[in-house]
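# Structural characterization, general
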Amino acid sequence: MSVATIPDNSNATNSWKDSGEDAPYRTLSRAAVFSMILAVAGLLSFVSPWMLVIPIAGVISGLIALQNIKKYPLELTGVGATKAGMAISGIMLIAAPSLHTYTYLTEVPEGYQRVSFSSLTSSPYEADYPTGEALALDGKQIFIKGYIHPTSLSSGKAKKFILVPDLGTCCFGGQPPLTHMIEVTLTGNKTVSGTYRKICLAGVLKVDKELKPVKELQGVYYQLKADYLK
């Protein structure tokens, strides 16, 4: 009974080197190309922590590329590109989290309390009414992040608008849940224009127990007199 043998590609590689013949044509590994693309796309990880999945995928793709190239040295090439892509992705995995951590620790102005929309929004199974946490924040100086609701801007440079917690509400407009909206009034000479970028605000929060009517929307329970905008 004969036993099948697996060709040793490394010996084949050495044979054409020793023979002096031209090297066989090799194609660039697709995984190597993908690793480089992900390395460039990984710059988005500086924008949002959620984007860190991109450089992680870049490293994994690079490892796959190196394995494939080692397994098929006569057919595939791209070791240099793969290692470069992995190195860039690795740098992103260190630098981006460091930046986000530093930002989180230093972004709240002195004297303000960090608040997230999750403490203001009611559960889908409860009445759309200010939460107990929200009522306790009435009159307090808070720091909060969110997006400008597009229909709430009266002009290109507005001093009053509606802040909402997510891009879905921001981009598609319509009537958000009542506890997902804060009517913001900017103090001083500060103004805003339409943007899909998340903004940071700080100011005094007012929590009404009665709904305050708002043009184009049903109304709001929350109002923020903001003296900080970024």
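I will try to describe carefully the structure that is included in this document. These figures come from a predicted structure and were not determined experimentally. (Residues numbered from 1 in each chain as written. Predicted model: local features only at pLDDT ≥ 70, side-chain atom pairs only at ≥ 80, totals over all residues. Heavy atoms only, no water.)

## Quick notes on the pattern of salt bridges
Side-chain pairs of opposite charge can arise where the charged atoms are in close proximity. Note the threshold: A pairing counts as a salt bridge when a side-chain nitrogen of Lys or Arg comes within 4 Å of a carboxyl oxygen of Asp or Glu. Each helix is a run of DSSP H or I of at least 4 residues and each strand a run of E of at least 2, with the numbering of both proceeding from the N terminus.
Taken as a whole and judged by the stated rule, the model has four salt bridges. Residue E107 is joined to K145 by a salt bridge in which the shortest nitrogen-to-oxygen separation is 2.9 Å. Within this pair, whereas E107 is found in the loop between α4 (79–106) and β3 (113–114), its partner K145 is found in strand β4 (residues 141–148), the two being separated by 38 residues in sequence. One salt bridge connects K212 with E183, and the closest N-O pair in it is separated by 2.6 Å.

## Thoughts on the nonpolar core
As a reminder of what qualifies: As used here, the term nonpolar core means buried Ala, Val, Leu, Ile, Met, Phe, Trp, Tyr and Cys residues forming a set that is joined through side-chain atoms within 4.5 Å. For the exposure calls, accessible area comes from a 1.4 Å probe over protein chains only, and a residue counts as buried if that area is under 20% of its type's maximum, exposed if over 50%, partly exposed in between. It only takes one pair of heavy atoms within 4.5 Å for two residues to be counted as in contact.
Of all hydrophobic cores here, the largest spans 30 residues; its most connected members are L120, F161, L163, I182, V184, L201 and L224. Sorting the residues of this core by element identifies β4, β5 (160–164), β6 (182–186), β7 (199–214) and β8 (217–229) as the ones contributing at least two each. Looking at this core, the element that brings in the most residues is β8, giving six residues. If near-sequence neighbours (up to four positions away) are discounted, L163 is found in contact with F117, I144, K145, G146, Y147, H180, M181, I182, V184, I199 and L201.

## With respect to the layout of surface pockets
What counts, and what does not: Note on definitions: the grid is 1 Å and covers protein atoms alone; a cavity is a set of points where a 1.4 Å probe fits but cannot get out; a pocket is an open set with protein on both sides within 12 Å along at least five of seven lines; lining residues have an atom within 4 Å of a point. Grid points are joined across faces, edges and corners, and a volume is the space filled by probe spheres set on the points.
By volume, the largest pocket is sized at about 970 Å³. Elements represented by at least two residues in the lining of the largest pocket include exactly α4 and β4.

## Brief notes about the packing of helix α2 (residues 30–41) against helix α3 (residues 53–71)
Short version of the rule: In this description, a line fitted to the C-alpha atoms serves as the axis of each element, helices being fitted only across the stretch in contact, and the angle between N-to-C directions of two axes falls anywhere from 0 to 180 degrees. In these notes the angle categories are as follows: under 35 degrees is roughly parallel, over 145 is roughly antiparallel, 65 to 115 is roughly perpendicular, and the rest is oblique. The crossing is said to be left-handed when, going from far helix to near helix, the turn is anticlockwise and less than a right angle, and right-handed when the turn is clockwise. Under the scheme applied, nonpolar residues are Ala, Val, Leu, Ile, Met, Phe, Trp, Tyr, Cys and Pro; charged residues are Asp, Glu, Lys and Arg; polar residues are all the others, including Gly.
Contact pair α2 / α3: the axes reach a minimum separation of 8 Å and the direction vectors enclose 160°. Judged on the interaxial angle alone, α3 and α2 are roughly antiparallel. Remark: the crossing between α2 and α3 carries left-handed chirality. Across from A31, A32, F34, S35, L38 and A41 in α2, the residues of α3 making contact are I54, A57, G58, S61, G62, I64 and A65. Counted by class, the contact of α2 with α3 contains nine nonpolar, four polar and no charged residues.

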